[in-house]
Every structure is written in structure tokens, then in C-alpha cells.
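Architecture and fold: a report
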Amino acid sequence: QTAEIGVIGMAVMGSNLARNMAHKGFRVAIYNRTSSRTDEVIAEHGSEGIFLPFHDLADFVASLERPRRIVMMVKAGRGTDAVIEKITPLLQPGDVLVDGGNAYFGDTRRREAAIRPTGIHYVGTGISGGEVGALEGPSIMPGGSKESYDAIGPVLEKISAQVDGEPCCAWMGTDGAGHFVKMVHNGIEYADMQFIGEAHALLRAASLTNAEAADVFESWNHGDLNSYLVEITSQVLRARDPRDPATDLLDVIRDEAGMKGTGTWTVQTALELGGDVSTISEAVFARSVSSAVLLRKVGQQALEGPEHTITVADRQAFIDDVRDALWSAKVVAYAQGLDEIRTAAAEYHWEIDMGQVASIWRNGCIIRARLLQRIKDEYAAGDLTTLLEAPSVRAELARCQQAWRRVVARAVEAGVPVPGFSSALGYYDQVRAPRLNAALTQGLRDLFGAHTYRRIDDEGSWHVNWSGDGREVRAD
Ligand code: NDP
């Protein structure tokens, strides 16, 4: 019996993905470096579908129908390189090797370029949804040649999450495009979680208990803020400490956020591309500050400020304001993330369809949200320079922006840190400003470094002879 698809790496993600494929009717060959793990998967799940287990990589490869379709779900980095090195001599031109791990898109570009001369298709693929997603239907973001998508697309589309019969999987573009889109997905996830945290902190500052805040998030989840992260926020807020049911779990969790690096990649890459992802960088920095234990200890002792309490006359009005601020900030994070994708697409010659990106994020992934349907529809209606200009988005922002300002102002007055909300608002005001302080920046740069400036009423670059006769000279 031959296999239609093979999966390498039987840790949590790979085994769940293989089971998902088997559940959908595919004959799946499986292989893991440590063969006892392959046996365990078969012992636990072998009856769920047609699995062909192998202890030898060459036998695994030989079992696959041509062109072979192989998905690697191994530890990103050296694990991926090790598997590539072992498997490529066993493959033939036309075979498709998918990397479903969390690779850095630059590594994927490097690997794809190295493998391309062999005629093997290398498909860097972002997969989001964690272990449950892998089993039940993740959001899948494949990159690579168009030809490779013809071979692998039908399998990936079948195992992905769906929305009204549409798969949450689509070809993103060549080489690193899929992993790039996944990276930005994670960056937006960072921002989204930071905003949710700030909204919760504001509700707490206004004297809501965690349980009351949970009710608020639950009610928001029925409206425009409907999303997986908002949904699970109420679950976490309601959880009791398993060691002491009288205490909220949240109150015994250390306020030191961890991270694995994809948020940092999103920010580093944006800096290199010259884009603004300030909401994502604020979220990354907020996690760093939270874990800077000594800094915070010193700060708590040394720095004066208000008491972090917000007195509200009309509680519901305040809650509604926080909701509007949360929605607005979230839209800015999406706008910045999509902008980063658009800039990268131009730089790396990827044909990324922004509406399609929004479409495949609608289900299966961590940032799945009602807002994504709106984003998909807006991009389907016409290309956008920024998501913020989309008719229904700008109208909603127009409605929300006063509330957003009130929330940031109240937070600043009360000393409640809201770096995400305020940076999102700062971005909004920057892009709508008729004139920015950049003119003064250019004046200063010209004075101290002769870096020149451009005029509003003339072409070319100009420089003032600041230390001499004060005359303006053309500098290009
Ligand atoms: P891990 O990242 O923990 O990787 C373990 C797997 O990699 C095992 O199968 C292991 O084999 C294999 N492996 C490690 N090094 C090598 C090597 N040098 N040669 C061959 N095989 C090797 O597993 P996960 O299931 O958590 O994740 C798999 C991939 O999916 C990762 O890239 C991860 O970043 C990504 N991912 C994970 C998500 C999650 O929620 N966990 C979500 C989305 C993507 P062995 O048993 O022999 O050690």
C-alpha cells in the first residue's frame, strides 16, 4: 500500500496533523527520528485512519506516491536543517517538501534557494492554531512555487479550518511568503493580547472584579470584538486557583510575560523594511518590561505617580469607551501588520492577496476574529493603501475615536500603563495629521549634519549654509 502524504516529526504538532490527515481519509506515512514515538502514535491512534508507520527514512520516502508530498513538523532551526540534509538525497525532482514549523522567513528563503536547483519544491508553511488546531483544522499559510501548491494545496485545504465551506488555507507567494505571513500573524497576536491586557487593567482600575471583567469580555465577544482571544480571556478571568478555590487564578500568576521570538522577528523585520508596527513593538517591549524584575522593583520604590485607580461616574459608559478603544487599537494593529506584509511582498516579489490573508485568518488560528470578515470584504471591494481607509473601518473609527482618546487620557491621568492603546492612537493621529514634526527634524538634521531637506514649493534637495552666509543651496 502506498501513502498519499507523509509527516516527519511525531511530537504534538506533527502527530496531530497526521491524525487530522488520516481523519480526512488520506493514507498517511509517519516517521520520527526516535522510532519509539512513532510506535506510540500508532498504539494510541492507529485505529483512527490509515497510517503507514516507518522506522527508516528511506522506507518512509519509498512508500509515498509520486510526486511525493512530505510535511516536516520538527523543531525549528537545526532540527529542520538536519531533516532536510537527510531527506533531500532520497527525493526526486517534482517532490514537495513542506516545512510546517515556525521557521524564520529568511531561513526559509535560504533553504528554498539551496534546494531549488535539485528540482525539489520547498514549501515553507505557516501553521497556526496550536495543538488543537493541528488536529481539528488550523489556519495554513503555504509559500513556495505555484506548481508545488497544485500538489500540496488540495491536502492542506482539506485539513485546514473552514469558513462557510471556504478553506483557511491559500497560497501566499513564493519562498518565504508563507512563513512571513505567519510571523506577522504572531506579531498581531502579541498586540491583540497586549490590548486585551490593557482593557482588563482599565476595568480593574475602575474597580471591577475579575469576574465582572469576565462578564464584560463575554458581552464584547457577542459583538464586533468577537474573537478567540476575547473568548478565552473571560475563561482565564473566571478561573479559580486550583490550589485555593477562594482565589482567582489570575491573581496568583506572576505578571512576567514570556515569549518565543516571533513577535521580535516581526518588529526587527519591520525596522529593516522601514515600516511602522508600533503596536506590535509596544507589545513585545511590554513583555520585556514585565519580566525585568529588578527594574520594576526599583521603579516601584523610586518613582512617584497616581494610584492606578479610575473613578467613574457612569460605569457602563466607561466600559463602552474601553470597548471602543480596544476595537480601534486592534484595527491599527491589523493595519500595521498588513502594511508590513504589503511592503515585504513588494520587496521580495510575492503576489500576496491581502483579502486572502484576512480570509485564511478567519478561523483555525489564534487571532481569528469577526473583524477579519470585514477586512476580507473590504479588500475584495478594492485595493487599499491602509486598512484604516476602508469605508466601514474609517466610519467605525470615526465613531470610536473620541472614546479611545478619553480612555487613553483617563489611563494617563490615573497612571495605568496603556502603551498599546496610546501607541495605536499615536499612529492614527500621525497618519491623519496634515503636517508632522518631521519638518523640524529635517531642519535640525540639515543644521548639524548637512543632511539636506526638500521644499514644499520646489523640487530637489536643499541645504542652508547655516554657519556661513545663511544662503540656501541646491544639494543634488
Ligand atoms: P518540537 O518543536 O518540540 O520538536 C520536536 C520534534 O522535532 C520531535 O519529533 C523531534 O524528534 C524532532 N526533531 C528535533 N530535532 C531533530 C533532528 N535533529 N532531526 C530529526 N528530528 C528532530 O515539536 P512541536 O510538535 O511542538 O512543534 C513542531 C514544529 O511546529 C516546530 O517548528 C514548532 O515551532 C511548530 N509549531 C508549534 C506549535 C505549537 O503549538 N506547539 C504551533 C505552530 C507551529 P525526536 O522525537 O526524535 O526528538
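Whatever comes next refers back to the structure up there.
**With respect to the site of the ligand**
- Near the ligand lie 19 residues; those nearest to it are Met-13, Asn-32, Arg-33, Thr-34 and Val-74.
- Thr-34 places a side-chain nitrogen or oxygen 2.5 Å from an oxygen atom of the ligand.
- Contact with the protein chains removes 74% of the 890 Å² of surface that the ligand exposes when unbound.
- Breaking the shell around the ligand down by element, the ones donating at least two residues are helix H1 (12-23) and helix H4 (78-87).
- Per element, the largest residue contribution to the shell around the ligand is three residues, and it comes from H4.
- The residue inventory of the shell around the ligand, partitioned by class, reads 10 nonpolar, seven polar and two charged.

**Some words on the packing of aromatic side chains**
- One pass over the structure, following the stated rule, counts 12 aromatic pairs.
- Arranged with centres 5.6 Å apart and planes meeting at 65°, the rings of Phe-105 and Tyr-348 form a pair that is edge-to-face. Here the residue Phe-105 occupies a position in helix H5 (residues 105-115), and Tyr-348 occupies one in helix H14 (residues 315-348), the gap between them amounting to 243 residues.
- Through pairs of rings, three or more aromatic residues link up here, namely Tyr-104, Phe-105, Phe-180, Trp-265, Tyr-348 and Trp-350.
- A cation sits over an aromatic face here: Lys-158 above Phe-26, 5.6 Å from the ring centre.
- Over the ring of Tyr-190 we find Arg-287, and its NZ or CZ is 3.8 Å from the ring centre.

**Some remarks on the environment of Tyr-348**
- Each C-alpha atom, one on Tyr-348 and one on Met-193, is 29 Å from the other, the two residues being 155 residues apart in sequence.
- Excluding residues that lie within four positions of it along the chain, Tyr-348 makes contacts with Phe-105 and Arg-109.

**Description of the layout of surface pockets**
- Here the largest pocket is characterised by a volume of approximately 2,000 Å³.
- Lining the largest pocket we find 42 residues, and of these Ala-201, Asp-255, Ser-290, Arg-296 and Pro-417 sit closest to its centre.
- Where the lining of the largest pocket is concerned, the elements lending two or more residues are helix H8 (177-205), helix H10 (228-238), helix H12 (278-291) and helix H13 (293-302).
- With 10 residues, H8 is the single largest residue contributor to the lining of the largest pocket.

**Observations concerning the sheet that holds strand E6 (residues 121-128)**
- In spatial order, the strands read E3-E2-E1-E4-E5-E6-E7; together these seven strands make up an open sheet with mixed pairing. Whereas interior strands pair on both sides, the edge strands pair on one side only; in this sheet they are strand E3 (51-54) and strand E7 (139-142). Neighbour to neighbour, the strand axes of the sheet diverge by 25° on average, direction disregarded.
- Seen against the sheet, H4 touches strand E1 (5-8), strand E4 (69-72), strand E5 (96-99) and E6 and runs at an angle of roughly 155° to E4.

**Some remarks on empty space enclosed by the protein**
- Applying the stated criterion across every chain, the model contains one cavity of 30 Å³ or more.
- Forming the walls of the largest cavity are Asn-102, Ala-103, His-179, Lys-182, Met-183, Asn-186, Thr-262 and Trp-265.
- Of all the secondary-structure elements, those providing two or more residues to the lining of the largest cavity are H8 and helix H11 (262-273).
- The element best represented in the lining of the largest cavity is H8, accounting for four residues.

**A word on H1**
- Over its 12 residues, H1 extends 16 Å from the first C-alpha to the last, a length consistent with the 16 Å expected when each residue adds 1.5 Å.
- For H1, the buried fraction is high: nine of the 12 residues fall into the buried class.
- Taken residue by residue, H1 has Gly-14, Ser-15, Asn-16, Leu-17, Ala-18, Arg-19, Asn-20, Met-21 and Ala-22 as its buried positions.

The rules behind these values
- Residues numbered from 1 in each chain as written.
- Predicted model: local features only at pLDDT ≥ 70, side-chain atom pairs only at ≥ 80, totals over all residues.
- Heavy atoms only, no water.
- Near = heavy atom within 4 Å.
- Polar contact = N/O pair within 3.5 Å; in protein donor to acceptor, adjacent residues only side chain to side chain.
- Areas by Shrake-Rupley, 256 points an atom, 1.4 Å probe, with all protein chains shown as cover.
- Helix = DSSP H or I, 4+ residues; strand = E, 2+ residues; numbered from the N terminus.
- Nonpolar A, V, L, I, M, F, W, Y, C, P; charged D, E, K, R; others polar.
- Phe/Tyr/Trp six-rings, centres within 6.5 Å; stacked < 30°, edge-to-face > 60°.
- Lys NZ or Arg CZ within 6 Å of the ring centre and 35° of its normal.
- Contact = heavy atoms within 4.5 Å.
- 1 Å grid on protein atoms, 1.4 Å probe; cavity = no way out; pocket = protein on both sides within 12 Å on 5 of 7 lines; lining within 4 Å.
- Points joined across faces, edges and corners; volume = space filled by probe spheres on them.
- Pairing = 2+ DSSP bridges.
- Axes fitted to C-alpha atoms, helices over the stretch in contact; angles between N-to-C directions.
- Expected span 1.5 Å × (residues − 1).
- Buried < 20%, exposed > 50% of the residue type's maximum accessible area, 1.4 Å probe, protein only.

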